[in-house]
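So the chains spell out like this:
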Amino acid sequence: MVSTQRILVPHDFSDASAASLVYGAALARCCQAALHVLHVGNSAPFEPDLECPLGLAGMSSAARERMLALVPPVEQAALNPHFVVRSGDPAAEIVAYA
């Protein structure tokens with residue numbers, strides 16, 4: 001039997017990504033897996049390749065608020081999601097992170 005330990009949800013702040021995150025969070029809860037939310041921008045206005053647990057230290061306050069708003073506080077407490085922001089080609093960065 002396959003054991004799912006990590007769920008990766010790439011997110012571009014679109015409605016489709018929001019729906020994917022709802023599904024990914026539910027799957028993470030069901031499988032008791034770690035939830036990773038990855039945003040890739042072509043030129044992120046903050047430090048590239050920044051990986052942070054819930055604290056998101058070092059990111060601009062606007063970016064921090066936007067990333068934190070992706071997962072409701074109740075879900076954050078239950079899942080302890082990892083938010084990751086990278087810059088570059090989205091497809092390449094998603095595969096590299098996975």
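Our structure is the block above this text.
Positions within a chain are numbered from 1, following the residues in the order the chain's sequence is written. Local features in a predicted model are, by the rule used here, given only for residues with pLDDT of at least 70; side-chain atom pairs are given and counted only at 80 or more, and totals for whole chains, interfaces and linings are based on all residues. In computing side-chain values, all of the structure's heavy atoms are included and hydrogens and water are not.

Visitor: Mind showing me how you'd approach the pairing of strand β2 (residues 34-41) here?
Guide: Any residue under 20% of the maximum accessible area for its type is buried, any over 50% is exposed, and the rest in between are partly exposed; the area is computed with a 1.4 Å probe on protein chains only. By the criteria applied, helices consist of DSSP H or I runs no shorter than four residues and strands consist of E runs no shorter than two, each listed in order from the N terminus. Counting buried positions along β2 gives 7 out of 8 residues, so the element sits mostly inside the fold. The criterion for strand pairing is that DSSP finds at least two bridges linking the strands in question. As paired strands, strand β1 (residues 6-10) and β2 are joined by 5 bridges and run parallel to one another. From the neighbouring strand, Leu8 faces β2, where its bridge partner is His36. A right-handed crossover is one whose linking path, passing over the helix from the first strand to the second, runs clockwise when the strands point away from the viewer. Taken together, β1, helix α1 (residues 15-31) and β2 constitute a β-α-β crossover, and its handedness is right-handed. Pairing analysis gives 6 bridges linking β2 to strand β4 (residues 82-87), with the strands arranged parallel. From the neighbouring strand, Val40 faces β4, where its bridge partner is Arg86.

Visitor: What is the right way to look at the packing of aromatic side chains in this model?
Guide: Two measures describe an aromatic ring pair: the distance that separates the ring centres and the angle between the ring planes. Aromatic pairs are defined between Phe, Tyr and Trp rings, using the six-membered ring for Trp, whenever the two ring centres lie within 6.5 Å; interplanar angles under 30 degrees are classed as stacked, those over 60 as edge-to-face, and all others as tilted. Summed over the entire model, instances satisfying the criterion amount to 0 aromatic pairs. By the criterion adopted, a ring carries a charge over it if an Arg CZ or a Lys NZ lies within 6 Å of its centre and within 35 degrees of its normal. The cationic tip of Arg66 hangs over the ring face of Phe13; the distance from NZ or CZ to the ring centre is 3.8 Å.

Visitor: Before we go on, may I ask you to explain the pattern of salt bridges in this structure?
Guide: When the charged atoms of two side chains lie near each other, side chains of opposite charge can form a pair. Any carboxyl oxygen of Asp or Glu within 4 Å of a side-chain nitrogen of Lys or Arg constitutes a salt bridge here. Summed over the entire model, instances satisfying the criterion amount to 2 salt bridges. Among the salt bridges present, the one from Arg86 reaches Glu93, with a minimum N-O distance of 3.6 Å. The residues Arg86 and Glu93 share a single accessibility class, namely buried.

Visitor: Please explain unusual backbone geometry as it appears in this structure.
Guide: Unlike most non-glycine residues, Phe13 shows phi in positive territory, near 65 degrees. The residue Phe13 is located in the loop between β1 and α1 in this model. We classify Phe13 as partly exposed; its relative accessible area is 23%. Of note, Gln32 is a non-glycine position whose phi angle comes to about 55 degrees, a positive value. By the element assignment, Gln32 lies in the loop between α1 and β2. On the basis of relative accessible area, Gln32 is assigned to the exposed category, the value being 75%.

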